[in-house]
Amino acid sequence: MISFDNCKPVNGGVCAAKGFTAGSTRAGIKASSQKDDLAIIYCEKNCAAAAVYTTNVVKGAPITVTQNHLKNGIAQAVVVNSGNANTCNSNGVEIAELMCELTAQSLKINREDVIVASTGVIGQKLSPAPLEKHIPLLAGNLSNSETASTAACKAIMTTDTRLKEFAFEFELGGKTCHIGGISKGSGMINPNMATMLGFITTDANISPLMLKKALSDANLDSYSRVNVDGDTSTNDMVCVMASGLAGNTEITAENADFEVFFNALCAVMVNLARETARDGEGATKLLECVVLNAPSVDDASLISKSVISSSLVKTAVFAADANWGRILCAAGYSGAAFEPQKISVSIMSANGKVLVCENGAGADYSEELAHKVLSADEVTIMIDLQEKNAELNRSVAWGCDLTYDYVKINAEYRT
């Protein structure tokens, strides 16, 4: 876990914030699965709400419905299923609206105040029968316990192998606030926003406009810096709901309180994003690329994303092979402006650090040490472009190695 200033890690996930409950159940949406596949997150009062969505032109029906429901910046519940993406279906919007209606009726709230999300196989019909049976039952058995958030997190997992759940405590104007999140994402990960499903709750008091601003900006520093396989999903969505029950003065402008809240939101989102990369399908290593002293922040960002997205870099990391030429190659086609003769590259992990490239040429290093460094389960590639007076022009991105198991998992995904 990455720690953030003035943010204390706590338990509880999406139930850490005041007013929120959650739960899950097995509805049998995917017949071959025995896991829970339906989850609800609910707040006792209307919340300020915001979301960011996939940039894919082909969008799942839940995206369309949620975009309409959040036009007023208000929500009170989330209903989400795994096992079926409800995408490219003739009745997709109808089914997504049904999920919202069933949730609203069961919780006695407005249908327009329900966020809906789905994940799973694209292009298969989603039967209404398990939804009609299990959503009312689930809505009547929500809890604010730590296990309730974890259960909801497990229910939204598909090929995920790790739980992605974090919560933090922070202060605004002398009031103790909480923020927590759960997410899923393992394959089909190549974001321009957020290639995953993510659900964040907070009891901080913040206006819908400022919440949307915070989420959009935090997304650029978190989910938009993750790559597993180069595919952007049709159903990606990250949403946040703020109950205001912490009692702080409402944040209505980009002031000092907004910065504190933004930092806490980043604490949740960055940690969720890193875990998404770590849990890439078939992955054995988390790959982090840090770019320093670039001509601009944009140039640093382009390079960091290009390196962690390179299939050749990913396979070299899997093999623990310090093939640093692939790193320079990925930097070179990233579209960033830099002087190749200045670039230096180091590789580091818990097993040590090795300089493999200096001033655009190979450094004298031990292949044995480099192999040892790259054999760790978390590897950092540090790229220094050595521009003068460019200390603030830096970027970080997260990916994973590319293994044989990635092909196996996706070859057998529907079976």
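Our subject is the structure that appears above.
Note that the structure is a prediction, hence the values are computed from the model and not measured.

Looking at the secondary structure, you find Gln-76 in strand E4 (residues 74–82). By relative accessible area, Gln-76 is classed as buried at 8%. Not counting residues within four places of it along the chain, the set of residues in contact with Gln-76 comprises Ile-41, Tyr-42, Cys-43, Glu-44, Lys-45, Asn-46, Ile-109, Asp-113 and Met-241.

Grouped together as the largest cluster of nonpolar side chains are 42 residues, with contacts concentrated most on Ile-179, Ile-200 and Phe-261. Elements supplying a minimum of two residues to this core: strand E3 (38–53), strand E6 (165–172), strand E7 (175–184), helix H5 (208–220), strand E9 (237–242) and helix H6 (256–278). Excluding anything up to four places from it in sequence, Ile-179 contacts Phe-166, Ala-167, Phe-168, Phe-170, Ile-200, Thr-201, Thr-202, Phe-261, Ala-264, Leu-265 and Val-268. Of all hydrophobic cores here, the second largest spans 33 residues; its members include Ala-320, Ile-327, Val-354 and Val-373.

Attention now goes to the packing of helix H1 (residues 61–69) against helix H2 (residues 92–107). Across the interface, H1 lies against H2 with an axial gap of 8 Å and an inter-helix angle of 55°. In terms of orientation, H1 and H2 fall into the oblique class. Relative to H2, the crossing made by H1 is right-handed. Residue-level inspection shows Ala-61, Pro-62, Val-65 and His-69 of H1 in contact with H2, the latter providing Gly-92, Val-93, Ala-96, Glu-97 and Cys-100. Classifying every residue of the contact of H1 with H2 by side-chain character gives six nonpolar, two polar and one charged.

A few words now on the pattern of salt bridges. Enumeration over the complete set of coordinates arrives at 13 salt bridges. As a salt-bridge pair, Lys-164 and Asp-160 come within 2.8 Å of each other at their nearest N and O atoms. The buried category is assigned to Lys-164, whose relative accessible area is 0%. What makes Asp-160 buried here is its relative accessible area of 8%. Residues Arg-278 and Glu-378 are paired through a salt bridge, measuring 3.3 Å at the closest nitrogen-oxygen approach. In this pair, Arg-278 sits in helix H6 while Glu-378 sits in strand E14 (residues 378–384), placing the two residues 100 residues apart along the sequence. The partly exposed category is assigned to Glu-378, whose relative accessible area is 29%.

With that out of the way, let us pick up the sheet that holds E14. Strand order in the open sheet made by the six strands is E13-E12-E11-E14-E10-E15, with mixed pairing throughout. Looking along the sheet, the strands with just one partner apiece sit at the ends: strand E13 (361–362) and strand E15 (395–400). The pairing of strand E11 (residues 344–349) with E14 spans five bridges and is classified as antiparallel. Of the residues in E14, the one forming a bridge with Val-345 is Ile-383. Against the sheet, H6 engages strand E10 (286–292), E14 and E15, with an angle of about 35° to E15.

With that settled, consider the packing of H2 against helix H3 (residues 129–139). Viewed as axis vectors pointing N to C, H2 and H3 meet at an angle of 35°, and their least axial separation amounts to 9 Å. Where H2 crosses over H3, the two elements pack in a sense that is right-handed. Contacts between H2 and H3 involve Ile-95, Leu-98, Met-99, Leu-102, Thr-103, Ser-106 and Leu-107 from the former and Leu-131, Glu-132, Ile-135, Pro-136 and Ala-139 from the latter. A per-class count over the contact of H2 with H3 returns nine nonpolar, two polar and one charged.

Residue position: Ala-267 is located in helix H6. Given the relative accessible area of 0%, Ala-267 is considered buried. In sequence terms Ala-267 and Arg-278 are eleven residues apart; their C-alpha atoms lie 17 Å from each other. Once residues within four sequence positions are removed from consideration, Ala-267 is found in contact with Phe-4, Cys-7 and Phe-168.

What follows deals with H5. Note that an α-helix has 3.6 residues per turn; residues three or four places apart therefore point the same way. The terminal C-alpha atoms of H5 lie 19 Å apart, and with 13 residues this matches the ideal 18 Å at 1.5 Å per residue to within 8%. Every buried residue of H5 is accounted for by Met-210, Leu-211, Ala-214, Leu-215, Ala-218 and Asn-219. The arc enclosing the buried residues of H5, seen along the axis, measures out at 165°, which places them on a common side. Turned more than 90 degrees from where H5 packs its buried face, Leu-209 and Lys-212 sit exposed. Looking at the packing, one finds that the buried side of H5 touches E3, E9 and H6.

Quick look at the packing of aromatic side chains now. Geometry of an aromatic ring pair is reported as the spacing of the ring centres plus the angle between the planes. Evaluation of the coordinates by the stated rule reveals three aromatic pairs. Summarising the aromatic geometry, the rings of Phe-258 and Phe-262 are spaced 6.4 Å apart at their centres and angled 15° between planes, so their arrangement reads as stacked. Here the residue Phe-258 and the residue Phe-262 both occupy positions in helix H6, the gap between them amounting to four residues, near one helical turn. Take Phe-258 and Phe-262: they sit in the same class, and that class is buried.

Two faces belong to every sheet, and in a regular strand the side chains alternate between them. Pairing analysis gives seven bridges linking E10 to E14, with the strands arranged parallel. Residue Leu-292 lies in a different strand from E14, and its bridge partner there is Asp-384.

Here is what the cut-offs are and how they apply
Residues numbered from 1 in each chain as written. Predicted model: local features only at pLDDT ≥ 70, side-chain atom pairs only at ≥ 80, totals over all residues. Heavy atoms only, no water. Helix = DSSP H or I, 4+ residues; strand = E, 2+ residues; numbered from the N terminus. Buried < 20%, exposed > 50% of the residue type's maximum accessible area, 1.4 Å probe, protein only. Contact = heavy atoms within 4.5 Å. Core = buried A, V, L, I, M, F, W, Y, C linked by side-chain atoms within 4.5 Å. Axes fitted to C-alpha atoms, helices over the stretch in contact; angles between N-to-C directions. Parallel < 35°, antiparallel > 145°, perpendicular 65-115°, else oblique. Left-handed = near helix turned anticlockwise from the far one by under 90°. Nonpolar A, V, L, I, M, F, W, Y, C, P; charged D, E, K, R; others polar. Salt bridge = Lys/Arg side-chain N within 4 Å of Asp/Glu carboxyl O. Pairing = 2+ DSSP bridges. Expected span 1.5 Å × (residues − 1). Arc of directions from axis to C-beta. Phe/Tyr/Trp six-rings, centres within 6.5 Å; stacked < 30°, edge-to-face > 60°.

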